[in-house]
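What the coordinates show
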Amino acid sequence: MAPKGGTFFFLLILACAARAETPDRTLGNKPDFKDMAKKLMKKCHDKGYPVPGVMLLKHVCNNSDLPMEARNADPSSTFLSSVLSVLDALSPVKDSLNRVPLEDLNKMENKTWNCSNLSTMIKLMQNSSEAYSCYMQAVVAPLSWETLNTQSERHMDSDDYDALLWAAKPVLQDMSSTRMNLPIKVEGQNVKKMMMMLQEVYNPMSEAKMTQVIKWAKEQITQNYFNCTMGPSSDSTSMLMERCKPSLKWLNTEALTMMGPYLSHLAPDDVDCSPKEKLCTFFSSAQFKSALSVATKMNPSLAMKFLQRFQECFSGTMEFAEHVDKLGTLACYYYSAPDLTANLSMILLTELNKCDDYNNPRIKMLKMRLVRSVTANFTAALSELGSSIVLLSLKELSTIPSNDLKKVLKNLGPTVRWTQCQLHTLVKKELGDKKCKEMAGEEVMALQSIAGGLPRCVLKNVKAQQILNDTEALKNISKQMMKGQLKAMLQGLLKDVGPSELVQKLQGALLCSVSLNNLDKANITSLNQVENKTWSLPQAAYLAKKMYDLKQLQYRKLRSVLQGITCKMIDKAADTDVQDMAQAMTEFPQWLSKVQAGCAAQKLFATLEKVRTGYFKTITGAEMDKIATLLLVHLPPSSVKDLPDSACPVFLYKMEVANLSSLPLLSPSRPALTQRALLCLANVHTRIYGTGLSGLTTEDVSRLGQLLCELQPSQLRLMAPGVLNFSLRTMASCQHIPQRHRADLIQLVNQTFGDPSNWSAETMEALGPLLLLDPAATSALPNKPWMKDVLYFLRSRLPQASDALKRKLFELTTTSNAARKKRTATSQVNNAKQPNVELIEELGMNNVYWTPAQLDQMSAQTFLATVEILGAVTDYNADQLAILHKKATESLGPVSQMTDDSVVVQMGCITRGFANAELEKLPFSLDTLEAIAHCGWNESQMGSVWKGVAKYNNLTAQQLGATDMVALNQFICGLNASEIRQLNLNAFKDAVGSMDGVQCAFTVTQQLKSLAVSAFGKPSTWTEAQVSDMGNIIAGLNATELVSLDPSVFSFLRASCIPLIPPGNLAALSVTQLEALGPDNTAMVTNEQRAALRDKQLAALERAETGSRGQTQSPVQSGAPSLSVEGISAFMKPLLFLLMGFLLL
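Residues numbered from 1 in each chain as written. Predicted model: local features only at pLDDT ≥ 70, side-chain atom pairs only at ≥ 80, totals over all residues. Heavy atoms only, no water.

1. Points about helix α34 (residues 578-587)
The element α34 is largely enclosed, with a buried count of seven among its 10 residues. When α34 is considered as a whole, its buried residues turn out to be V578, Q579, M581, A582, Q583, A584 and M585. (Buried < 20%, exposed > 50% of the residue type's maximum accessible area, 1.4 Å probe, protein only. Helix = DSSP H or I, 4+ residues; strand = E, 2+ residues; numbered from the N terminus.)

Written out as structure tokens, the structure is:
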């Protein structure tokens, strides 16, 4: 047995020394210990653990066993200043720009520390309080991981190895894939231990890291258990070992167990490397489900392969079906399930509740089939259905006893997705004949998710004292409420409590519905009143100005209020506050607009230039490390070009983890950063290997992070074949590929991987997102059996599905349905082209692609069974609507017989196909309008709907309150000029913030604008909050009024408002105002609007779109980056010294 204590810790010293003395030839691809320790300490700080300060360090120094030379506890000493520099990153102080730099840690001499027995130290950490243990592990973790990577296991016993694994675990959760260097060789039982630890950190891992773990695990398993290698022949370790045969069955029981959740990321071919008897035993014992308990997703091709192999373990489909409880994630692909007993159906249904049936309707179809089986014994099954209760028919829902329903709802919580018809049915059942029945607060809370269907008249009468104290329940029941309902509930609550108490107790959607008028009455005087809430953009703008005026603009406490910060406020920030502001924006990037990020970056860069002229020309790695990556990416091209080569290691690390979402898509900084990163990589390869881009490795490419998505196809072509293959597969995960690159990129994909019609399912899963960028390529995809499943899978990964993809899914769905019915159908073509219940249910919103002729073939029974699904489609053309109108009147009767508003709820957007005269007679309840507001109504139709609403609800324009105006939604555009002038001003002020999505004809918008002027005063006085609150009404301003707006409000305009502004009015804006629009708003400017602008205005618009105000573009150049990277030894010494202090307390 190896001696513990001194020998064990000596290994750590050796690892430290090795890292310090060996130059890193790939620009810092090993973990940066300073950075990792700082990140881990920040996590401790974010958990609320107190940060050790100067007094603690004094105590450490004066009470340790360190040599006398190391006990200098003077805060000005190099040691204390340096350690405080690390901790300063957790809680920056005003003079943080002048703090002793982190590199001073490397000046510490060896004599200032002397530690031993780290094994004991780690065990003490495990038994310490969470706070101390957290900070101690932050220091030890990076070094422990390095020791596991660099030192032989023969010099440590089992306990030592276990201690190192435990101590190192936090590092793996934050380390990037290029820095997660797994040990080259792990012996015997330690492979199992390492894999167990890697299983524990599975959930935070990126796809790239998971792939790395699988590759590593396969190699360790084959080397240790089969004495062969799967590694490349060029690998030094692989050269000493025999190559594994392709037929090797390496995925045995031990390997399956070791893989755990990583089984969900194997290649389908790997599954074939598992012996049948081993795989069957693994599945039958439920180990498979247990192993994948934390893995929620699996590619279709892999899932189908597992299902195929597991089914081979049984004699028939029914025998296999008896084991559905063991399927786990595979249940999401078990479409071929036979007819099951009620018990087995319920078991499978429980498994399916974890699947994504939103993006894959095939899962929903299977669930519906199972529900029908389960509900044969309806009463007994009700409590077990869970969220699948939403799959019950309206008739079944209406028969559920009220008490039973409430019990089920209580267990379901607020996340259940009901349709409008279901909500209408359930609420009607609850209220009976009394639509405006008075309900106690407890009764409303008991309704849980179906409270979203309550009429406004009920919500107006809920007593505040009965519900306000249960803020979480109130937040939950409001999640599915529409804007009119939220406004009604607020109106009711304000009868009992004042705005101040209301704002204090509200959360979520209800809070965001509080008008600026009531927010002003809430008497907010302290940041503590607003910091831990989620506010809407207008509210945040109001509160930011309020805090600014009160001199309480503490950035790191603002949270969602950050979105209301203006560039004026940022520009006026004191230099000493800039780092605090930057840190806040890094912590809460979700609240930051591109405009705010650009302004904050410019302010930070200007502040740094005051520290030293030409700051970025001479910036050190440590200085760059202090700059928030979120802001660094906004560095102007000229400054990017001037970055010194010595900063390349830190620059590349920051680019690897950078999120470019705050950087405008057309920003010149994007290509500049990309070129600089490539030069940092290529120059080193040129110096070492005599090659440029062709010498880049897959690891180098990974270090580009999101910048890889910016590469031109011409640059990709310069890479080695294997690296190009890897790059294209990685780029399939890009959220954005520049439009100008797409055609050439898709051509490169085809050249590299061949004709997509010949691709396997696996290749399509990997590269599909790139191919789907091209509508023609999408339409040309072959109708292979697996194609639909893969496209559903890919759709879940895309930010938005293209029209071509939706059409392809429609084609695949209708064709595959016909193929299934081939034996019973007289004509396969007719079956493929005729809508039936099953097809309509699976297609969902894609029912928009039926031709009028096909819709006309639909039977009355099919229409009645699917009318709500068809009515949810928003963009039918006139010919389709004409057919659906005919089907509606044939199935439901003429308009004169449609007397109940439930008919309108059912028909949804189909009502848009009715004639104007018919619309005036339909039973439009105000409570149902929001659901159909965005069906694409024209001006005359909206007028007719308003007349129908007024008649059915016995309303006039004068009687409309705030809740009525909000509930009218888009149909407020149907009021004529006289009626708009009759609207109550106070009600309008309260309602306008919840009418932000309304888009009216320009003449109507002008009338609403006049009302806004009467309510809020002249536009020249309007604030950012008011402009944001008024939404599209701003488009009604005339040229003079538009010009009178302060430039600072223009970035707060709603993007949807921009294309509604008449070109002549937009052309009246000044260059400053146009620049202030920001990238997202500028992207909405139409070609017609651009044509009306002068050259200077177009140039201003371009600056706004690229986010490059005041920046000049320069060609990017670069020298060769430095090859040496600082070691970690000097850094770790003082931190270990600090760590010993923790243990001595």
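2. Details of the state of the cysteines
For the structure on display, the rule yields 10 disulfides. A sulfur-sulfur distance of 2.0 Å marks the disulfide that ties C228 to C244. Disulfide C228 to C244: torsion about the S-S bond roughly 95 degrees, handedness right-handed. Pair noted here: C228 is in the loop between α9 (207-226) and α10 (236-239) and C244 is in the loop between α10 and α11 (253-259), with a separation of 16 residues, a long-range link. On the basis of relative accessibility, which here comes to 6%, the residue C228 falls in the buried class. We classify C244 as buried; its relative accessible area is 14%. Disulfide partner of C567: C599, at an S-S distance of 1.9 Å. When the S-S torsion is 85 degrees, as for the bridge of C567 with C599, the disulfide is right-handed. Residue C567 is located in helix α33 (residues 567-571), and its partner C599 is located in helix α35 (residues 594-611); the two are separated by 32 residues in the primary sequence. Given a relative accessible area of 3%, C599 falls into the buried group. (Disulfide = S-S within 2.5 Å.)

3. Structural notes on the packing of helix α45 (residues 761-771) against helix α47 (residues 787-795)
For the pair α45 and α47, interaxial distance at closest approach is 10 Å and the crossing angle is 30 degrees. Judged on the interaxial angle alone, α47 and α45 are roughly parallel. Helix-helix and strand crossings are classified by hand; for α45 and α47 the assignment is right-handed. Contact residues: α45 offers A761, M764, E765, G768 and P769, while α47 offers M787, V790, L791, F793 and L794. Tallied by class, residues from the contact of α45 with α47 come to eight nonpolar, one polar and one charged. (Axes fitted to C-alpha atoms, helices over the stretch in contact; angles between N-to-C directions. Parallel < 35°, antiparallel > 145°, perpendicular 65-115°, else oblique. Left-handed = near helix turned anticlockwise from the far one by under 90°. Contact = heavy atoms within 4.5 Å. Nonpolar A, V, L, I, M, F, W, Y, C, P; charged D, E, K, R; others polar.)

Any functional reading would require information beyond the geometric quantities listed.
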